[in-house]
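# Per-entry structural report
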Amino acid sequence: MQITGKCHCGAISYTAQVDPARVVVCHCADCQQFSGAPFRAVVPTPVENVALTGQPRHYVKVAESGNRRAQAFCAECGTQLYATEADQPQVLNLRLGCVNERAQLPPQRQIWCESAMPWLDGLAALPLHAKGPASPQLAL
C-alpha cells in the first residue's frame, strides 16, 4: 500500500510503500514515554521503500534487549516520525500518527502487553464526543 505522511509542522514529509498486515501496537514503557500516550502504533517497512523530504533529528535509545534504536523526530515541532537501527538503518518503523492513511491501517497485533494500561478495555464504554467535550455526544 502506498502511503504519505508528515510531521505536524510540515517540515518533514514522506511517501512509502508498506504492508498493512504488519501494523503493530506496542505497549512497552519506552513507547508510552516517547509518544506521551498509553501505546504507540507503527508500520515497519524497509528503508528503501521510503522517500523522505526534510532532515529529521535522531535520539539513540538503548533498548532493554541492548539494541541501539534511533528515534527520528522533527526538530521544529517534535513530531515522532520513526525508529530504526542506530548504526545501519534497514527498517523504518513509521509512527502511524504521522501517516495520512492511518484510518486504513488497523493494527494486526499487539506487543509488550504486560506493560499495557489496565484501563484500555474500558474506553469503549465511555461517552463519545465528535470533537471537544462541548460538542454533541455520539451514540454508542
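Relevant structure appears above.
All values reported here derive from a predicted model rather than from experimental measurement. (Residues numbered from 1 in each chain as written. Predicted model: local features only at pLDDT ≥ 70, side-chain atom pairs only at ≥ 80, totals over all residues. Heavy atoms only, no water.)

## Some details on the overall build of the protein
The number of helices and strands found in the protein is one helix and twelve strands. Ordered by position from N to C terminus, the α and β elements of the protein give β-β-β-α-β-β-β-β-β-β-β-β-β. Computed over the C-alpha atoms, the radius of gyration of the protein is 16 Å, within 12% of the 14 Å expected from 2.2 N^0.38 for a compact globule of 140 residues. If you line up the protein on its principal axes, its C-alpha atoms span 50 × 30 × 30 Å. Burial analysis of the protein (140 residues in total) assigns 32% to the buried set. Charged side chains of the protein number 11 positive and 10 negative; the gap between the two group centres comes to 6 Å. (Helix = DSSP H or I, 4+ residues; strand = E, 2+ residues; numbered from the N terminus. Rg over C-alpha atoms; globule rule 2.2 N^0.38 Å. Buried < 20%, exposed > 50% of the residue type's maximum accessible area, 1.4 Å probe, protein only. Lys, Arg positive; Asp, Glu negative; His and termini not counted. Charge placed at Lys NZ, Arg CZ, Asp CG, Glu CD.)

## So, the pairing of strand 2 (residues 13–17)
Burial along strand 2 is one-sided: Y14 and A16 are buried, while S13, T15 and Q17, pointing the other way, are not. As paired elements, strand 1 (residues 2–6) and strand 2 share five bridges and run antiparallel to each other. Across the sheet, K6 pairs through a bridge with S13, a residue of strand 2. Two successive antiparallel strands, strand 1 and strand 2, enclose a turn made up of six residues, where G10 displays a positive phi of approximately 90 degrees. Of the strand pairs in this sheet, strand 2 and strand 5 (residues 50–53) are connected by four bridges, and their pairing is antiparallel. (Pairing = 2+ DSSP bridges.)

## Quick notes on the nonpolar core
The biggest cluster of nonpolar side chains holds 21 residues, and the ones touching the most others in it are I3, Y14, A16, V18, L94, L96 and L105. Once residues within four sequence positions are removed from consideration, L105 is found in contact with M1, I3, V18, P20, V23, L96 and V99. (Core = buried A, V, L, I, M, F, W, Y, C linked by side-chain atoms within 4.5 Å. Contact = heavy atoms within 4.5 Å.)

## Focus: the side chain of T84
Relative to the elements of secondary structure, T84 occurs in strand 8 (residues 80–85). Given a relative accessible area of 2%, T84 falls into the buried group. From its side chain, T84 meets the backbone oxygen of V91 in a polar contact 2.7 Å long. When sequence neighbours within four positions are dropped, the list of residues in contact with T84 reads R68, R69, A70, P89, Q90, V91 and L92. (Polar contact = N/O pair within 3.5 Å; in protein donor to acceptor, adjacent residues only side chain to side chain.)

## What to know about the sheet that holds strand 2
On the basis of which strands lie adjacent, the open sheet formed by three strands has the order 1-2-5 and antiparallel pairing. Each of the sheet's edge strands pairs with one partner strand only, and the pair in question is strand 1 and strand 5. Averaged over all adjacent pairs, the angle separating strand axes in this sheet is 10 degrees, with direction ignored. (Axes fitted to C-alpha atoms, helices over the stretch in contact; angles between N-to-C directions.)

## Here's the deal with the side chain of N93
Secondary-structure assignment places N93 in strand 9 (residues 91–95). In this structure N93 comes out as buried when scored by relative accessible area, which is 19%. The residues touching N93, leaving out its near neighbours within four places in the chain, are V42, V43, P44, R69, L81, Y82 and A83.

## What to know about a nonpolar patch on the surface
Where nonpolar side chains cluster on the molecular surface, the patch consists of W119, L123 and L126 and spans about 300 Å² of accessible area. Of note, L126 is situated in the loop between strand 10 (109–111) and strand 11 (128–129). Looking at L126, the relative accessible area reads 43%, which means it is partly exposed. (Patch = residues over 30% accessible without salt bridge, like charges linked within 9 Å, V, L, I, M, F, W, Y side chains within 5 Å. Areas by Shrake-Rupley, 256 points an atom, 1.4 Å probe, with all protein chains shown as cover. Salt bridge = Lys/Arg side-chain N within 4 Å of Asp/Glu carboxyl O.)

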